[in-house]
Amino acid sequence: MFGKQKPLAPRPENEPKFNADNQSDRALLRTLVLLMGLVLILLVVGVAIYLFFF
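Fair warning: this is a prediction, and the values are worked out from it, not measured in the lab.

Engineer: Talk me through the overall build of the chain; I want residue IDs and the actual numbers.
Structural biologist: Tallying secondary structure elements over the chain gives 1 helix and 0 strands in all. Its C-alpha atoms give the chain principal-axis dimensions of roughly 55 × 25 × 15 Å. Looking at the chain residue by residue over its 54 residues, the buried ones come to 11%. Accessible surface computed for the chain: about 5300 Å², of which carbon and sulfur atoms make up 72%. A gap of 10 Å separates the mean positions of the 6 positive and 4 negative side-chain charges of the chain.

Given below as structure tokens:
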């Protein structure tokens, strides 16, 4: 996703907010899940460091 400048696919009026068949929707969801996982890992590491060293 990074480094690729693809335009978003146009969304018809009757299409739902998220469509699993839409490549842009899948890419956005994958990026969101990866970022949430990274934040969770950083939070756990921060709490572990706090508990062990302070």
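Engineer: Kindly report on a nonpolar patch on the surface, identifying the contributing residues and their values.
Structural biologist: On the surface, L40, I41, L43, V44, V45, V47, I49, Y50, L51, F52, F53 and F54 cluster together into a nonpolar patch covering about 1400 Å² of accessible area. With respect to the helices and strands, the residue F54 is situated in the segment after α1 (23-53).

Parameters at a glance
- Residues numbered from 1 in each chain as written.
- Predicted model: local features only at pLDDT ≥ 70, side-chain atom pairs only at ≥ 80, totals over all residues.
- Heavy atoms only, no water.
- Helix = DSSP H or I, 4+ residues; strand = E, 2+ residues; numbered from the N terminus.
- Buried < 20%, exposed > 50% of the residue type's maximum accessible area, 1.4 Å probe, protein only.
- Areas by Shrake-Rupley, 256 points an atom, 1.4 Å probe, with all protein chains shown as cover.
- Lys, Arg positive; Asp, Glu negative; His and termini not counted.
- Charge placed at Lys NZ, Arg CZ, Asp CG, Glu CD.
- Patch = residues over 30% accessible without salt bridge, like charges linked within 9 Å, V, L, I, M, F, W, Y side chains within 5 Å.
- Salt bridge = Lys/Arg side-chain N within 4 Å of Asp/Glu carboxyl O.

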